[in-house]
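# What the coordinates show
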Amino acid sequence: EHAELRKQVEHPPEVVRVRMELAALQERADALQAENERSANRGRLATAEAELKDLRKLVVAEGELTAKALDEKAEALAAHAQIEQRNKILEAAIEAAERRAVESEEAAESARTAQAAAEVLEHEHKMNKQAAEADRARIEATFAENKEVMEEMFGKLETLMA
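Residues numbered from 1 in each chain as written. Predicted model: local features only at pLDDT ≥ 70, side-chain atom pairs only at ≥ 80, totals over all residues. Heavy atoms only, no water.

### Points about the overall build of the protein chain
Across its full length, the protein chain holds three helices and zero strands. When its helices and strands are written in sequence order, the protein chain yields α-α-α. Relative to its full complement of 162 residues, the protein chain shows a buried share of 9%. Long-range pairs, those at least 24 residues apart, make up 61% of the contacts in the protein chain between residues at least 6 apart in sequence. Per element, the accessible surface of the protein chain, about 13,600 Å² overall, is 58% carbon and sulfur. (Helix = DSSP H or I, 4+ residues; strand = E, 2+ residues; numbered from the N terminus. Buried < 20%, exposed > 50% of the residue type's maximum accessible area, 1.4 Å probe, protein only. Contact = heavy atoms within 4.5 Å. Areas by Shrake-Rupley, 256 points an atom, 1.4 Å probe, with all protein chains shown as cover.)

As structure tokens, then:
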């Protein structure tokens, strides 16, 4: 496609047409000049000179068309380069966004794992607290029992000693 466009820019249809007309007019001018040289008719020479002037105008027009086509090609290439550069910037932004999304997913997963670990620790803490309260109640009950037994023994000792 680029080769086809390059071919059209290097030889646009208008330029090709103008060149063909130029060649036809040049052949006609050559033929008229040759005929003029053979005949004494100078009117044809004047016609040929007018056609040569027209040919020169066509050559100038061809040059202008070629210059215009080259300018348009340069503008198209510059626009293409800008678009490519913008696409690269956008691709980099997309990749960065995708990386941030992956990092966010990883952070969310870490947060879920930490939350689950915190819930397990909280449950263990509750269980340990309940076990500690049960142990405290048992120890207090044992202490109270032992106190009664000791008071009883001290009471018996005092009675025996008195």
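Further notes follow.
### Observations concerning the confidence of the model for the protein chain
For the protein chain, the mean per-residue pLDDT works out to 87, and 88% of the residues sit at or above 70. Per-element averaging of pLDDT across the protein chain places helix α1 (residues 2-10) at the bottom with 68 and helix α3 (residues 43-161) at the top with 91. (pLDDT = per-residue confidence, 0-100.)

### Here's the deal with the side chain of E51
Its place among the elements puts E51 in helix α3. Those residues in contact with E51, other than ones at most four positions away along the chain, are R28, A29 and L32.

### Remarks on a negative patch on the surface
A cluster of acidic side chains, namely E84, E91, E95 and E98, defines a negative patch on the protein surface. With respect to the helices and strands, E91 occurs in helix α3. (Patch = residues over 30% accessible without salt bridge, like charges linked within 9 Å, V, L, I, M, F, W, Y side chains within 5 Å. Salt bridge = Lys/Arg side-chain N within 4 Å of Asp/Glu carboxyl O. Lys, Arg positive; Asp, Glu negative; His and termini not counted. Charge placed at Lys NZ, Arg CZ, Asp CG, Glu CD.)

### A few points about the pattern of salt bridges
As enumerated under the stated definition, the model contains five salt bridges in all. Between E140 and R136 there is a salt bridge, with the nearest N and O atoms lying 3.3 Å from each other. A residue pair is termed a helical-turn pair when its members lie 3 or 4 positions apart in one helix, as E140 and R136 do in helix α3 at four residues. For E140, a relative accessible area of 44% puts it in the partly exposed group.

### Focus: the environment of G63
Counting through the fold element by element, G63 comes out in helix α3. For G63, a relative accessible area of 36% gives the class partly exposed. Between the C-alpha atom of G63 and that of V15, which follows or precedes it by 48 residues, the distance is 8.4 Å.

### Structural notes on a nonpolar patch on the surface
A contiguous nonpolar surface patch, about 460 Å² in accessible area, is contributed by M150, F154, L157 and M161. Here F154 lies in helix α3.

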